[in-house]
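Structural features, examined
This is what each chain is made of:
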Amino acid sequence: QVQLVESGGGLVQAGGSLRLSCAASGPTVSRYTMAWFRQTPGKEREFVAAIRWSGTYYADSVKGRFTISRDNAKKTVYLQMNSLKPEDTAVYYCASSPTVAVVKELNDYNYWGQGTQVTVSS
C-alpha cells in the first residue's frame, strides 16, 4: 500500500512562490509515475504536472512557471511554483501509480494524497 502526504501549501501574494512536497511510502515508489493535480470547488480535478522515467510533463497553464522534481532517496516529489496567479488557487493533490498510460488522466492513478490548499491573493 502506498501512502502520499502533501505539505507546503499556504497563502501567497500574486507573483510569489511556493514549494509543495509529497512524501511517499512504499518499497518501489521510486519507480512510479508521480503527479500533481489540482481542484477548485465545482470543477473537475485537473492535471498540473507529472514525472516519470520518460521525463516531465506540464499543463499548458503552468508551463514555464512550475517545476516538478523528485528525490528518490527521500521518496519525495516536489512542485516548485513560481509567478503564482490568483487562478492557481486550488487544493493540490499528489498522485502516484506504477503504470500510467496517459499522465494527464486522473483515472490512471491508483494512489492519492489528502490535498493541500494553495491560495494566491491578488
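Our subject is the structure listed above.
This report concerns the structure included in the present document. Numbering of residues begins from 1 in every chain and follows the order in which that chain's sequence is written. Local features in this predicted model are restricted to residues whose pLDDT is 70 or higher, and side-chain atom pairs enter the listing and the counts only when it is 80 or higher, whereas totals over whole chains, interfaces and linings include all residues. As a rule here, side-chain values come from all non-hydrogen atoms in the structure, and water together with hydrogens is ignored.

Here, two cysteine sulfur atoms that lie within 2.5 Å of each other are counted as a disulfide. This model, assessed by the stated rule, comprises one disulfide. Note on cysteine connectivity: C22 is disulfide-linked to C94, with sulfurs 2.1 Å apart. Handedness here is read from the sign of the S-S torsion; for C22 and C94, about -80 degrees, the answer is left-handed. Note that C22 is positioned in strand β3 (residues 18–24) and C94 in strand β9 (residues 90–97), a separation of 72 residues in sequence. For the pair shown, C22 and C94 are each scored as buried. Each helix is a run of DSSP H or I of at least 4 residues and each strand a run of E of at least 2, with the numbering of both proceeding from the N terminus. For each residue, the accessible area found with a 1.4 Å probe, counting protein chains only, is set against the maximum for its type, and the residue is called buried under 20%, exposed over 50%, and partly exposed in between.

A separate point is the environment of Q3. Relative to the assigned elements, Q3 resides in the segment before β1 (4–7). Judged by relative accessible area, Q3 falls into the exposed class, the value being 55%. A sequence separation of 51 residues divides Q3 from S54, and the C-alpha atoms of the two residues are 23 Å apart. Contacts between residues were defined by any pair of non-hydrogen atoms, one from each residue, lying within 4.5 Å. Discounting chain neighbours no more than four positions away, the residues touching Q3 are A23, A24 and S25.

Function cannot be read off these values alone, since they describe shape.
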